[in-house]
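Examining the three-dimensional arrangement
Each chain is listed here by its residues.
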Protein chains: 2
Amino acid sequence: MRAAERVRQAIEDLGFRPQPAAQSLKSRVTRSVAVVVPDITNPYFASVVKGVDSIARKEGYNIFLYNSEEDGARESGIIADLYGRVDGVILTPADESPAAGARLEAARMPTVLLDRECGEPERFNAVLVDNEGGAAQAARYLLDLGHTDIGVICGPLNTTPGRTRHDGFLAVLEQRGVELAPGRVQISDFREEGGYQTALRMLALETPPTAIFVANNLMCAGVLRALHDMRVGVPGELSVIGFDDLHLAELLDPPLTVIGRPTDEQGALAMRLLLNLLAGEAARPRRIVLDTRLVIRESCAPAAPRAPANPNGTRRPRA
Amino acid sequence: MRAAERVRQAIEDLGFRPQPAAQSLKSRVTRSVAVVVPDITNPYFASVVKGVDSIARKEGYNIFLYNSEEDGARESGIIADLYGRVDGVILTPADESPAAGARLEAARMPTVLLDRECGEPERFNAVLVDNEGGAAQAARYLLDLGHTDIGVICGPLNTTPGRTRHDGFLAVLEQRGVELAPGRVQISDFREEGGYQTALRMLALETPPTAIFVANNLMCAGVLRALHDMRVGVPGELSVIGFDDLHLAELLDPPLTVIGRPTDEQGALAMRLLLNLLAGEAARPRRIVLDTRLVIRESCAPAAPRAPANPNGTRRPRA
DNA sequence: TTGAAAGCGCTAACAT
DNA sequence: ATGTTAGCGCTTTCAA
């Protein structure tokens, strides 16, 4: 075994570095994975990416990062570009369209869906959270506080979290026999500006709701900004609960009550799952679903008893 | 030129996709760049990365993302791994040590430094902000408010922003003849927990300062959390000014006054600069320095006139 | 205009 | 234990 030593020495002396391109060409393996998220600027995804990175690094994998900007077309382009460049992909699809699923299957590479599904759910590995359960927690919390006139600001219904949070929330209302007046359920776009505009619209209703559930963090930031701009007191005039923790949520005015969930753990889990796939575990797709938790802070107050009829339609101060 | 058409057709029909590894092996070009940041979870870096991505994508470049975790050793490993994998690198060095610079030069690939410098500044392309100027703005603002007993929570002095913000701030104090009592200047680590602990330590001083300048966003979040936990009123008891905007700064309690600066523009600029290098512009290294701006919100109040001596050393309520 | 072939740097299989 | 060689899939040069 003296040869091995001599080789090591020569590598050292000559500063030899193997060339990844040549290695890949020969071995058909890149030791790289792609992570495709809608927006790295969303703290949730930043955290997820960090979780992915922590595992990837440990295993010697490199990460290609892509922003789809919540745009299916852009996402298609990205997936197409991935061919031959990575061993696998962790993807948060921009929408649930079967097209997205088809494109992925066409790319024929190990894939783990993260936070959202697409195509036929049973065909993909995925790491998700219990959105329905989380939204239901929020609904029950608001109901238990006495609110019956609740606004719901949803994400796009053609995304998994958009649809399931919507469904989970409304299911509880229905189950408890609470019916929402028109204009109470608004579909927005998971973006801050969307939340802002939607909140404005909701405030302009003849009698605004007494509480709002906002289905993600960015929209919730927009809602908060709108309420701030319109000088609506939270939770005095309006209770607010968000989905996804915001980094400084506890320092906000008031500290924000939210449905929280694991973030970097989700990323780490996704990477581990992908690693298994790469190791050739051809088992049938796994769906891992993580639990949410209700983080009670101070943005929700008990509903003041409401007059059964409000003759002149003006708001009355509450709580 | 009928051949060209026939080829296109065949590509289409056979679903032919060139193999990046083979292309790279032959052409010695990867159409990939690395972005190495201390922490993608820091909203500042997330935004920077998004800026890089916006340009990269447009030019058909792919981005490898790496987290150095503010750790020079880890950063070394990353840089070493980059060999042959990317055409260039955009890097925020973990520290300013010449070692980091040497490693980069050894890697011998087009490099753009972002936000921080290392090695001999004149040898690298860099996109920076005017940290000294920004810190000076903060100092002047606090001084003009009447504060003379000011706490300074700095980042590591072996990083560019850590050192220059420290220097810029103290230079103004000196220039105005303000001398700081012992314990007023604390070195921390740019992390939230570090800010938290440092703030606690500062509050424990016999007579805490009347205002604090915090040299980055994460530490500032920690400071705010500490003040919140200790029930210290801002700006009633203590004025706070941060460096780097926080996403929800205006919704905080109170809205936070900060030194702001461009973020995604900084990333976009860095990528454009790198693109120039890759295009073979062998011009001598360029340093681009962007301006900061003072964003006045509500976390700083005028200093109450202070009794020249404070016999029993207890705090008096202010403003 | 079209076709043939060399070679990028590595790995793995084979022969010595 | 050591040395030789074919070939991964592409680009580019040179020949026809």
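The structure under discussion appears in the preceding block.
Report on the accompanying structure. On a predicted model such as this, the values are computed, not experimentally measured, just so you know.

Each side of the interface is counted separately: chain A has 32 residues, and chain B has 32 residues. Listed by contribution, the elements that provide at least two residues to the side of chain A that touches chain B are helix H2 (20-27), helix H3 (43-58), strand E2 (62-67) and helix H9 (217-229) of chain A. Classifying every residue of the side of chain A that touches chain B gives 18 nonpolar, 8 polar and 6 charged. Here E2(A) runs beside strand E2 (residues 62-67) of chain B; their pairing, made up of 3 bridges, is antiparallel. By the bridge assignment, A:Phe64 is partnered in E2(B) with B:Phe64.

Superposing chain A onto chain B takes a rotation of 180° combined with a translation of 0.0 Å along the rotation axis, leaving an RMSD of 0.0 Å. Both copies are brought into coincidence by an operation consistent with a two-fold rotation axis. When the interface residues of chain A are mapped onto chain B, 100% of them again lie at the interface, so the same face is used by both copies.

Okay, the sheet that holds strand E12 (residues 293-295) of chain A next. Residues and elements named next belong to chain A. Overall, mixed pairing links the 6 strands, which are arranged E7-E6-E8-E9-E10-E12 in an open sheet. Both outer strands of the open sheet, strand E7 (185-187) and E12, are each paired with one neighbouring strand and no more. When strand polarity is set aside, the average angle formed by the axes of neighbouring strands in this sheet is 15°. Note that strand E9 (residues 239-243) and strand E10 (residues 257-260) share 3 bridges and pair parallel. When the bridges of E10 are listed, Ile241 appears paired with Thr257.

Time to look at helix H10 (residues 264-278) of chain B. Residue and element names in this part refer to chain B. The end-to-end C-alpha distance of H10 is 21 Å, a good match for the 21 Å that 15 residues give at a rise of 1.5 Å each. Considered for burial, the residues of H10 that qualify are Gln266, Gly267, Ala268, Leu269, Ala270, Met271, Leu273, Leu274 and Leu275. Remark: Gly280 follows H10 within two positions and exhibits a positive phi of approximately 90°.

Here we come to the environment of A:Glu192. Locating A:Glu192 in the fold gives a position in helix H8 (residues 192-203). Among residues more than four places away in sequence, those in contact with A:Glu192 are A:Leu218, A:Met219, A:Ala221 and A:Gly222.

Looking now at the sheet that holds strand E3 (residues 88-91) of chain B. Spatially, the 12 strands line up as an open sheet ordered E11(A)-E5(A)-E4(A)-E3(A)-E1(A)-E2(A)-E2(B)-E1(B)-E3(B)-E4(B)-E5(B)-E11(B), and their pairing is mixed. Two strands bound the open sheet, and with one partner strand each, they are strand E11 (287-290) of chain A together with strand E11 (287-290) of chain B. Taken pair by pair, the neighbouring strands of this sheet meet at an average axis angle of 20°, ignoring direction. Examined bridge by bridge, strand E3 (residues 88-91) of chain A and strand E4 (residues 111-114) of chain A share 3 bridges and lie parallel to one another. Each bridged residue has a counterpart across the sheet, and for A:Leu91 the counterpart in E4(A) is A:Leu113.

Rules behind the numbers
- Residues numbered from 1 in each chain as written.
- Chains lettered and ligands numbered in written order.
- Predicted model: local features only at pLDDT ≥ 70, side-chain atom pairs only at ≥ 80, totals over all residues.
- Contact = placed C-beta atoms within 7 Å.
- Helix = DSSP H or I, 4+ residues; strand = E, 2+ residues; numbered from the N terminus.
- Nonpolar A, V, L, I, M, F, W, Y, C, P; charged D, E, K, R; others polar.
- Pairing = 2+ DSSP bridges.
- Least-squares fit on C-alpha atoms with pLDDT ≥ 70 in both.
- Axes fitted to C-alpha atoms, helices over the stretch in contact; angles between N-to-C directions.
- Expected span 1.5 Å × (residues − 1).
- Buried ≥ 20, exposed ≤ 12 C-beta atoms within 10 Å, placed from the backbone.

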